[in-house]
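# A structural walkthrough
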Amino acid sequence: MRPAPIAVALDAPDLETAARWASLVTPHVSTVKVGLELYLRYGPDVIASVRGASGVKVFLDLKLHDIPNTVAGATRAVARLRPAILTVHAAGGPAMIQAAVQAAPQAQIAAVTVLTSLSEADLGRIGLSGPASDAVRRLALMSVSAGATALVCSPHEVALVRSEVGPDISLITPGVRPAGADTQDQARVATPEQALADGADLLVIGRPITGSPDPGAAAAAIASALRRIPT
C-alpha cells in the first residue's frame, strides 16, 4: 500500500526515540522530518538513524536564513546527507534561495513563507504588511521565481498559493491537526483532509502522531483516513 503524503515531525528528546518513532511510522507515511533541535543535538548521524533500512524520505527542516554565500555553504554541507527536502526562509530573499538551489541540485529546496505560529498581529510587529495571505502570496511567488520547487505555507493559505503557483510546485503544509487534536503553539491550522482538498502535497504532522501511546497506529489511522478521500 502506498505511504500517505505525511511528513512525521520527529521532535524527540533523544536520538533513540527519534529512530524508534521513525521505524514505527515509516510503513504508513512517505516522509520523516528532522528539525533544528534534533539536528543540532546529534548532527549528521541523526539522518542515518531515522532513515534506517526503510529508505524513507528525510525532510531536513533547518530553515536556513543568512547571506547567500553562507547559505550556499551550509546547503552544500548537508547535501551529502541526501535529504529529499531542505528548507530555507523565503524572507532571506531571491539571491539566498537561488544559492541554496544551486548548492543542492539533488534536493528539493522548500521556501518557508510565514511560520504557522505567527498571528496577524505578529506579522505587523515584524514589518510584514497586509494580512497573512498577502504576505504568503508575495513570498511564494518570489521564491518560485528564484528557483524553489517547494513552498511551506499554512493550511489557511494553501488554496491561494496553489492558485498562484500552479500544479508543478510542491506545497508542504504544517499546522495540520486531526479533528479534536490540541492546536498547541500553532495559530493557523486545519485537518489533514481539508489541507489535501485545498491543494497540499505533503502534510507535516507531529505531536498528534508522536504523542500517541502507539505512534505507528496513530500514523496508520490518519493515513487510512486520507486514502478514503475521493480523488
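The structure this text deals with has already been given above.
In this convention, every chain numbers its residues from 1, walking through the sequence in written order. In keeping with the model being predicted, local features are shown solely for residues with a pLDDT of at least 70 and side-chain atom pairs are shown and tallied solely at 80 or more, while totals for entire chains, interfaces and linings include all residues. Only heavy atoms go into the side-chain values, all of them from the structure, while hydrogens and water stay out.

## Points about the overall build of the chain
Counting its regular elements, the chain contains 11 helices and 8 strands. The reference for a compact globule is 2.2 Å times residues^0.38; the radius of gyration itself is calculated from the C-alpha atoms. On C-alpha atoms alone, the chain measures out to a radius of gyration of 17 Å, which is about the 17 Å that the 2.2 N^0.38 rule sets for 231 residues. With respect to the principal axes defined by its C-alpha atoms, the chain has extents near 40 × 35 × 30 Å. Across the 231 residues in the chain, those meeting the buried criterion constitute 49%. Looking at the chain alone, contacts between residues at least 24 apart form 64% of all its contacts between residues at least 6 apart. Per-residue and other accessible areas follow the Shrake-Rupley method at a 1.4 Å probe size, with only the shown protein chains counted as cover for residues. Here the chain has roughly 10,400 Å² of accessible surface; of this, 54% comes from carbon and sulfur atoms. Counted as positive: Lys and Arg. Counted as negative: Asp and Glu, with His and the chain ends omitted from the count. Where a charge lies is defined by one atom per residue type: Lys uses NZ, Arg uses CZ, Asp uses CG and Glu uses CD. In the chain, which carries 19 positive and 19 negative side-chain charges, the distance between the mean positions of the two groups comes to 5 Å. By the criteria applied, helices consist of DSSP H or I runs no shorter than four residues and strands consist of E runs no shorter than two, each listed in order from the N terminus. Summary of the burial criterion: residues with accessible area below 20% of their type's maximum are buried, those above 50% are exposed, and those between are partly exposed, where the area comes from a 1.4 Å probe applied to protein chains only. By definition in these notes, contact holds between two residues if any of their heavy atoms fall within 4.5 Å.

## Notes on the pairing of strand β7 (residues 170-173)
Regular strands place side chains that alternate from one sheet face to the opposite one. Only strands joined by at least two bridges in the DSSP assignment are considered to pair. By the bridge criterion, 3 bridges tie strand β6 (residues 150-152) to β7 in an arrangement that is parallel. Among the inter-strand pairings, Leu-151 is bridged to a residue of β7, identified as Leu-171. We call a crossover right-handed when, viewed with both strands directed away from the observer, the connection leading from the first strand over the helix to the second proceeds clockwise. In the classification by handedness, the crossover that spans β6, the intervening helix α8 (residues 158-165) and the parallel β7 is right-handed. Both β7 and strand β8 (residues 202-205) contribute to a ladder of 2 bridges, which runs parallel. Residue pairing across strands places Ile-172 opposite Leu-202, the latter belonging to β8.

## Some remarks on the side chain of Arg-162
Its place among the elements puts Arg-162 in helix α8. Overall, the relative accessible area of 17% leaves Arg-162 in the buried class. Discounting residues that sit within four places of it in the chain, Arg-162 has contacts with Pro-167, Ile-169, Leu-171, Asp-198, Gly-199 and Asp-201.

## Overview of helix α4 (residues 68-79)
By this rule, a helix spans an expected 1.5 Å times one less than how many residues it contains. The end-to-end C-alpha separation of α4 is 16 Å, in line with the 16 Å expected for 12 residues at 1.5 Å each. Along its buried surface, α4 packs onto α2 (36-42), β3 (57-64), β4 (85-89) and α5 (94-103).

## Quick look at the sheet that holds β3
Pairing within the closed barrel is parallel, and its 8 strands lie in the order β1-β2-β3-β4-β5-β6-β7-β8. Here the strands of the sheet are splayed against their neighbours by 25° on average, with no regard to which way each runs. Note on method: axes are straight lines fitted to C-alpha atoms, helices fitted across the in-contact stretch only, with angles between N-to-C directions ranging 0 to 180 degrees. Sitting on the sheet, α4 is in contact with β3 and β4, with an inclination near 160° to β3. Where α8 meets the sheet, its contacts fall on β6 and β7, and the angle it forms with β7 comes to roughly 170°.

## What about the packing of aromatic side chains?
Stacked, tilted and edge-to-face are the three classes assigned to paired rings of Phe, Tyr and Trp, where Trp is represented by its six-membered ring and a pair needs centres within 6.5 Å; plane angles under 30 degrees give stacked, over 60 edge-to-face, the rest tilted. All told, the structure shown has 0 aromatic pairs when counted by the stated rule. Comment: the charge-over-ring label is applied if NZ (Lys) or CZ (Arg) is within 6 Å of the ring centre and within 35 degrees of the ring normal. Cation over ring: Lys-33 sits above Phe-59, and NZ or CZ is 6.0 Å from the ring centre.

## So, the pairing of strand β1 (residues 4-9)
Along β1, 5 of the 6 residues are buried, which leaves the element largely enclosed by surrounding structure. Pairing of β1 with strand β2 (residues 29-35) involves 4 bridges; the strand directions are parallel. The residue bridging Ala-4 from the neighbouring strand is Val-29, located in β2. In this fold, the crossover linking β1 to β2 by way of helix α1 (residues 15-25) has right-handed handedness. One ladder, built from 3 bridges, connects β1 with β8; its direction is parallel. Bridging across to β8, Val-8 finds its partner in Ile-205.

## Points about the packing of α4 against α5
Helix-helix packing: each pair is described by the crossing angle between the helix axes and the interaxial distance. Relative orientation of the contacting elements α4 and α5 amounts to 25°, with a least axis distance of 8 Å. The orientation of α4 with respect to α5, classified from their angle, is roughly parallel. Pair α4 / α5 crosses with right-handed handedness. In this structure, α4 uses Pro-68, Val-71, Ala-72, Thr-75, Arg-76 and Ala-79 to contact α5, whose residues at the interface are Ala-95, Met-96, Ala-99, Ala-100 and Ala-103. For the contact of α4 with α5, the per-class residue count stands at 9 nonpolar, 1 polar and 1 charged. Small angles under 35 degrees read as roughly parallel and large ones over 145 as roughly antiparallel, with 65 to 115 read as roughly perpendicular and the rest as oblique. Each crossing is labelled by how the near helix is turned from the far one, with a counterclockwise turn of less than a right angle marking it left-handed and a clockwise turn marking it right-handed. Classes in brief: Ala, Val, Leu, Ile, Met, Phe, Trp, Tyr, Cys and Pro nonpolar; Asp, Glu, Lys and Arg charged; the others, Gly included, polar.

## What about α8?
Residues Val-158, Val-161, Arg-162 and Val-165 constitute the buried set of α8. Projected onto a plane normal to the axis of α8, the buried residues spread over an arc of 100° and lie on a single side. Residues of α8 that are buried make contact with α7 (132-145), β6, β7 and α9 (192-197). Gly-166 occupies a position one or two residues after α8 and carries a positive phi of about 80°. Here, the arc refers to the directions that run from the helix axis to the C-beta atoms.

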